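Coordinates in review
Residue-level listing of the chains:
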Amino acid sequence: MDKPGGTMAEDKKNKAKRGRGVGSWLLNAVVHGLIRGALRLPYARRIPLAGWVMSRVLAPLAGYDRRIRDNLALVCPDLPEAEVRRLQRAVPDNAARSWMEMYSGAEFIARVKDSPIRGPGLPALEEAHRAGRPVVLVTGHFGNYDVARVALMARGYRIGGLYNPMRNVYFNKHYVAALERIGQPVFPRGRRGLANLLRFLKSGGMTAFLVDLNVKRGVPLRFFGAPAKTALSAAELALKFDAPLVPAYGIRQPDGLSFEVVIEAPIPPGDPADMMQAVNDSIEAMARRHMGQWFWIHRRWKA
């Protein structure tokens with residue numbers, strides 16, 4: 001008979017066991033083998049191939065087509081059917097390209113480090129950089145969010161990233177290594193990672209947050225006109241360290257391989273919820289301009 005309830009420590013222990021089991025090992029062996037095989041191809045072939053396989057084979061099998069359709073029906077109900085079908089292919093294509101770009105390490109850096117950077121927030125970013133002032137960069141699962149970090153680091157900016165460790169510990173090992181090859185430091189979510197991130201900010205570093213995930217304890221703010229639970233932590237950190245809160249985006253270009261970096265104007269300081277609503281509005285506006293580059297697979301509006 002199952003025991004009712006259970007402590008938080010037991011829940012964490014059970015999750016850790018699930019992430020170390022034979023199934024986790026086999027899944028990682030398959031996925032990592034596919035990644036290693038793809039890396040043998042030339043960069044200009046590998047990236048489009050990853051997008052094709054995900055959008056044409058894996059996404060339909062995983063149910064991502066249905067999730068994209070459901071999300072669009074919720075917040076963009078008037079979208080023409082032809083556009084919905086296009087996005088069912090374009091969204092997983094962009095996501096898989098971004099994933100393979102991350103694993104491409106030095107080749108990815110060489111390809112995107114000189115990407116053009118523009119936008120009304122660029123002067124504020126340059127001023128903070130010269131003054132050694134911390135900056136909190138915010139973005140979403142849009143385009144390739146690593147491009148802005150690579151392009152800015154290539155120009156001498158100190159930028160750290162915050163990431164969610166993968167539950168599959170075998171996969172997490174090479175996932176973190178891929179992140180670190182793109183640029184360091186990176187900080188895992190959790191008490192120790194947060195402490196290191198705070199020290200980095202205090203030293204005048206810049207850090208990047210992905211803020212478009214559903215957060216269980218988040219505040220229900222608007223996103224595409226519907227309530228979406230949103231963490232306030234990025235705004236709270238910006239206020240704590242007197243740091244500009246700056247939206248930044250890596251926008252994939254029509255060739256599918258190159259990018260443009262856009263730095264938007266800093267969000268005015270004020271109430272954290274109002275600041276994060278402005279960030280949501282920024283991500284939404286960018287996504288509306290490039291619908292296929294936002295990750296419509298997310299359960300962003302989950303209650």
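Residues numbered from 1 in each chain as written. Predicted model: local features only at pLDDT ≥ 70, side-chain atom pairs only at ≥ 80, totals over all residues. Heavy atoms only, no water.

1. As for the overall build of the protein chain
When helices and strands are tallied, the protein chain shows 12 helices and 9 strands. Over its C-alpha atoms the protein chain spans a radius of gyration of 19 Å, differing by no more than 12% from the 19 Å that the globule rule assigns to 303 residues. Counting only C-alpha atoms, the protein chain reaches 55 × 50 × 40 Å along its principal axes. Across the 303 residues in the protein chain, those meeting the buried criterion constitute 48%. (Helix = DSSP H or I, 4+ residues; strand = E, 2+ residues; numbered from the N terminus. Rg over C-alpha atoms; globule rule 2.2 N^0.38 Å. Buried < 20%, exposed > 50% of the residue type's maximum accessible area, 1.4 Å probe, protein only.)

2. Regarding the layout of surface pockets
The calculated volume of the second largest pocket comes to roughly 210 Å³. Considering the residues around the second largest pocket, the lining is formed by Arg 86, Ala 90, Asp 93, Asn 94, Arg 97, Arg 252, Gln 253, Pro 254, Gly 256, His 290, Gly 292 and Gln 293. Element by element, the count of residues in the lining of the second largest pocket is highest for helix 5 (residues 81–103), at 5 residues. Class assignment for the residues of the lining of the second largest pocket results in 2 nonpolar, 6 polar and 4 charged. (1 Å grid on protein atoms, 1.4 Å probe; cavity = no way out; pocket = protein on both sides within 12 Å on 5 of 7 lines; lining within 4 Å. Points joined across faces, edges and corners; volume = space filled by probe spheres on them. Nonpolar A, V, L, I, M, F, W, Y, C, P; charged D, E, K, R; others polar.)

3. Regarding the environment of Gly 250
Among the structural elements, Gly 250 can be located in strand 8 (residues 245–252). For the pair Gly 250 and Glu 260, spaced 10 residues apart in sequence, the C-alpha separation works out to 5.8 Å. Among all residues touching Gly 250, those that are not within four sequence positions of it are Phe 142, Gly 143, Asn 144, Val 147, Phe 259, Glu 260 and Gln 293. (Contact = heavy atoms within 4.5 Å.)

4. Observations regarding the side chain of Arg 46
Within the secondary structure, Arg 46 is located in helix 3 (residues 43–62). In this structure Arg 46 comes out as buried when scored by relative accessible area, which is 2%. A polar atom in the side chain of Arg 46 sits 2.9 Å from the side chain of Glu 107. Apart from residues lying up to four places away in sequence, Arg 46 is in contact with Ala 38, Leu 39, Leu 41, Met 100, Ser 104 and Glu 107. (Polar contact = N/O pair within 3.5 Å; in protein donor to acceptor, adjacent residues only side chain to side chain.)

5. As for the pattern of salt bridges
Here the structure, examined in full by the defined rule, presents 14 salt bridges. A salt bridge links Asp 93 to Arg 97; the shortest N-O distance between them is 2.7 Å. With a gap of 4 residues between them, Asp 93 and Arg 97 both fall in helix 5, about one helical turn apart. Look at Arg 97 and you get buried, because its relative accessible area is 12%. (Salt bridge = Lys/Arg side-chain N within 4 Å of Asp/Glu carboxyl O.)

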